[in-house]
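# Structural features, examined
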Amino acid sequence: MIPPPNLFHNEFGLGIIYSFTIIICSLMVYFGTKEIYELSSYKGLKYFRLSFLFFAIAYLCKSFISFLLFFLGISRIIDMSPMAFGAFALFMFMYFSSMAVFYLLYSVMWKRWKSHPNVIYIFHLIAFLLSAGSILLRGRGALLGLNLCLLLFVVFSVYIAFKDSKNRKAKHNLYPVYVLLLVFWILNIFDVLIPRFLTFFQMIVELASIFMFLLILYKVLRKTGPE
């Protein structure tokens, strides 16, 4: 018998371990905050929970894309045959990952934006357009530009929320962690859209991303656990 390939000695295996670690952390955050949300009905917590549910779905899509790329021997999911299947997989990853970030942003900005109830629908529209653009726009420059503009907008908004929290003397906030999480989110999108974008730094980015999610999970468990 020919022994099965040891997938955990290559980039594919490490990527799967990375994705499922993020998925488990995200689901633990989502379900770990269920009881406290039901007791408080705090809107910020509602969108915080949804962001991690969408992170879990996005990384599940990413692991599926990595699976297809590895076993089909192609460099980009959009090159897959039939192309419609690859395009759908890429669209789902982009949509859920974008909405995960938008929900995270809304969780810290909802008080400032609560007079504009349609903001969340605008975010859904932007996520849809970004997802469609990742399929229709083949040029690397356009993809980089779209996602970098989005990153700058989100980081600026989180910074404004951070300044407000400092003025209110809020303690133990996670805003700096959120900003780093957003940067790693952008790098993961580049990793899917642009082959070998993270060749030299992929392990560093993955380890740092896991650390960010574990830190948020630790904070959540400490808040929701028994005194």
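Residues numbered from 1 in each chain as written. Predicted model: local features only at pLDDT ≥ 70, side-chain atom pairs only at ≥ 80, totals over all residues. Heavy atoms only, no water.

## Describing the overall build of the protein
What counts here: Strands are runs of DSSP state E lasting at least 2 residues, helices are runs of H or I lasting at least 4, and numbering of each runs from the N terminus. Here's how the labels work: a residue is buried when its accessible area is under 20% of the maximum for its type, exposed when over 50%, partly exposed in between, all with a 1.4 Å probe on protein chains only. Whether two residues touch is decided by their heavy atoms; if any such pair falls within 4.5 Å, the residues are in contact. A 1.4 Å probe and the Shrake-Rupley method give the accessible areas. Residues count as covered only by the protein chains that appear here.
Of regular secondary structure, the protein possesses eight helices and zero strands. Element order for the protein, N to C, with α for helix and β for strand: α-α-α-α-α-α-α-α. When each of the 227 residues of the protein is scored for burial, the buried share is 47%. Relative to all contacts within the protein whose residues are 6 or more apart in sequence, the contacts with residues 24 or more apart total 74%. About 12700 Å² of surface is accessible on the protein, with carbon and sulfur atoms providing 70% of the total.

## Thoughts on a positive patch on the surface
Here is the rule: In this analysis, a patch consists of residues with relative accessible area above 30% that form no salt bridge, clustered at 9 Å for like charges and at 5 Å for the nonpolar side chains Val, Leu, Ile, Met, Phe, Trp and Tyr. One side-chain nitrogen of Lys or Arg within 4 Å of one carboxyl oxygen of Asp or Glu is enough to make a salt bridge. His is not counted, nor are the chain ends, whereas Lys and Arg count as positive and Asp and Glu as negative. Throughout, a charge is located at the NZ atom of Lys, the CZ atom of Arg, the CG atom of Asp or the CD atom of Glu.
Taken together, the side chains of Lys43, Lys46, Lys111 and Lys114 present a region of like positive charge at the surface. Tracing the backbone shows Lys114 in the loop between α4 (83–113) and α5 (119–136). Residue Lys114 is classed as exposed on the basis of its relative accessible area of 59%.

## Describing the confidence of the model for the protein
Under the convention used in this document: Each residue gets a pLDDT score, which is the predictor's confidence in that residue and runs from 0 to 100.
Looking at the protein as a whole, the pLDDT averages 75, with 72% of positions reaching at least 70. Per-element confidence in the protein ranges from a low mean pLDDT of 71 for helix α6 (residues 140–167) to a high of 86 for α5. Every residue in residues 1–9 is under pLDDT 50, and counting partners more than four places away or in other chains gives seven contacts.

## Quick notes on the side chain of Ser63
On the secondary structure map, Ser63 appears in helix α3 (residues 43–72). A relative accessible area of 4% places Ser63 in the buried class. Filtering out sequence-adjacent residues up to four positions away, Ser63 remains in contact with Ile16, Ser19 and Phe20.

## Digging into a nonpolar patch on the surface
Residues Leu14, Ile17, Met203 and Leu207 make up a contiguous nonpolar surface patch of roughly 380 Å² in combined accessible area. Looking at the nonpolar patch, the elements that each hand over two or more residues are α1 (11–32) and α8 (202–224). Along the chain, Leu14 turns up in helix α1.

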